[in-house]
Amino acid sequence: MTEIKTALIGYGFSATTFHLPFIQSQAPFRLTAVSTSKGEQVKREHLQVAVYAEAETLLTESDADLVIITAPNDVHFALAKLALQQGKHVVLEKPFVTRVEQGEELIALAKKQGLILSVYHNRRWDGDFITVQKLIADGRLGPVRYFESHFDRFRPEVRKRWRESAVEGGGILFDLGPHLLDQALQLFGTPTAITARVQTLRNQAEVDDFFHLTLHYPERLAVLRSSPFCAGPNLRFEVQGEAGSYIKHGLDPQEDRLKSGLQPINEGWAQENPEQYGHLFTADETTAVVTQTGGYQHFYQQLASAIVAGGKVPVSAEQALWNIRLIHLALQSSASGETIAIDRD
């Protein structure tokens, strides 16, 4: 396969910010089709691309090898199922699906069809997260006893968009929860239990806009939080170990750079500026820790290798499904006020 003919379902913020720049800059991907209500815009910006008004028409009529689905969460399952039935590899924006049984059905279908099914957990390639991974692996923190991860914002006013509407898969837990859960799972594996508060704090909000999750492990606690009332500076990571602590503020710079139009083609495009570095605190000293260079292009590079050469899928659907299981257990914990034990088998 000399190229991977790639189709985009949706042409909104997610598609144009987190996917299109990498499709355009990473061989062997070639954008060949888009389904969107913004057809005229796509035709102006991509002269050789087929434009479809309906996603289902694209899936049944286009010759795309790969479909990237950035549509609202409540249609992820139906569109991914149709794409797999049509013999196309699939990448879904997070969250994978809205129900566990949907994910299980898609995984079985992809295996039956011999196709790749992946989920865009791009924040595995955030520089600060990679730094946390390295600090733990290198033993600089000692055994980790407490881990805290935030994705806070200052958004006190409700916006008119589907993510903040009372639809299946709406709300901040389904929106930002997968980022934090996936990172915690990568670091520590599946917890033994979860305690959660998932709430609606803003006036006129239709869905949850705050969560505080505690993942219980035999030797540590992991706390994951998102609030709409953090005006900054925002804590990103606090990792406490027996040898020291690492504290990091602010978000990885890749999203803002992509939003500004920066093309991810230079080697250091994702490198964080020194003033944003986190710090390692020990009993004897405080040290600035150079943030490792991330890069969301690594997802697409691994995806290309998986499609063309049978390499490892960058994010397996089985891994992504654990995020959905934990989200539903968090909702159960929040509703009951109890800690929920997790079957890890």
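Scroll up to find the structure.
Residues numbered from 1 in each chain as written. Predicted model: local features only at pLDDT ≥ 70, side-chain atom pairs only at ≥ 80, totals over all residues. Heavy atoms only, no water.

Participant: Would you mind going over the overall build of the protein chain with me for this structure?
Facilitator: Within the protein chain, the regular secondary structure consists of 11 helices and 15 strands. Here the C-alpha radius of gyration of the protein chain, 20 Å, is about what a compact globule of 345 residues would show, namely 20 Å. Its C-alpha atoms give the protein chain principal-axis dimensions of about 60 × 45 × 40 Å. Within the protein chain, the fraction of its 345 residues that count as buried is 55%. Expressed as a percentage of contacts within the protein chain between residues at least 6 apart in sequence, the contacts between residues at least 24 apart total 70%. (Helix = DSSP H or I, 4+ residues; strand = E, 2+ residues; numbered from the N terminus. Rg over C-alpha atoms; globule rule 2.2 N^0.38 Å. Buried < 20%, exposed > 50% of the residue type's maximum accessible area, 1.4 Å probe, protein only. Contact = heavy atoms within 4.5 Å.)

Participant: Before we go on, may I ask you to explain the nonpolar core in this structure?
Facilitator: Where a protein is soluble and globular, its nonpolar side chains tend to be buried together. Among the nonpolar cores identified, the biggest contains 38 residues, and F147, F211, L213, L215 and L224 are the most heavily contacted of them. Counting residues per element, this core draws most heavily on helix α8 (residues 177-188), at six residues. Residues in contact with F147, not counting those within four places in the same chain, are V132, L187, F188, L221, A222, V223, L224, F237, E238 and V239. Within the second largest apolar cluster, 33 residues are counted, among which are A55, V67, L82 and L321. (Core = buried A, V, L, I, M, F, W, Y, C linked by side-chain atoms within 4.5 Å.)

Participant: Whenever I open this one, the sheet that holds strand β6 (residues 117-120) confuses me. Can you help?
Facilitator: The strands making up a sheet are joined through hydrogen bonds of the backbone, oriented either antiparallel or parallel. Strand order in the open sheet formed by six strands is β3-β2-β1-β4-β5-β6, and the pairing between neighbours is parallel. Lying at the two open borders of the sheet, with one neighbouring strand each, are β3 (50-52) and β6. Averaged over all neighbouring strand pairs, the angle between strand axes comes to 25°, with direction disregarded. In terms of strand pairing, strand β2 (residues 29-35) meets β3 through three bridges, oriented parallel. In the sheet register, S35 faces β3, and the bridge partner there is Y52. (Pairing = 2+ DSSP bridges. Axes fitted to C-alpha atoms, helices over the stretch in contact; angles between N-to-C directions.)

Participant: I would appreciate a short explanation of the side chain of N73 in the present structure.
Facilitator: Along the chain, N73 falls in the loop between β4 (66-69) and α4 (76-85). Judged by relative accessible area, which is 5%, N73 ranks as buried.

Participant: Help me understand the environment of P253 in this model?
Facilitator: Position of P253 among the secondary structure elements: in the loop between β12 (245-249) and α9 (254-259). What makes P253 buried here is its relative accessible area of 14%. Along the chain, P253 and R225 lie 28 residues apart, while their C-alpha atoms are 20 Å from each other. Other than its neighbours up to four places away in sequence, P253 contacts A270, Q271 and E272.

Participant: Before we go on, may I ask you to explain the sheet that holds strand β10 (residues 221-226) in this structure?
Facilitator: Overall, mixed pairing links the nine strands, which are arranged β14-β13-β12-β11-β7-β10-β9-β8-β15 in an open sheet. Two strands in the sheet have a free side with no partner beyond their single neighbour: β14 (286-289) and β15 (340-341). Inspection of the sheet shows β12 paired to strand β13 (residues 278-281) by three bridges, in the antiparallel sense. Residue pairing across strands places I247 opposite H279, the latter belonging to β13.

Participant: Is there a simple way to explain the packing of α8 against helix α11 (residues 317-336) in this structure?
Facilitator: Each packed pair of helices is defined by two parameters, the angle between the axes and the distance between the axes. Between α8 and α11, whose axes approach to 9 Å, the crossing angle comes to 115°. Note on packing geometry: the crossing formed by α8 with α11 is right-handed. Contacts between α8 and α11 involve P178, L181, D182, L185 and Q186 from the former and Q319, W322, N323, L326 and I327 from the latter. (Left-handed = near helix turned anticlockwise from the far one by under 90°.)

By themselves, these are just geometric observations and shouldn't be taken as functional.
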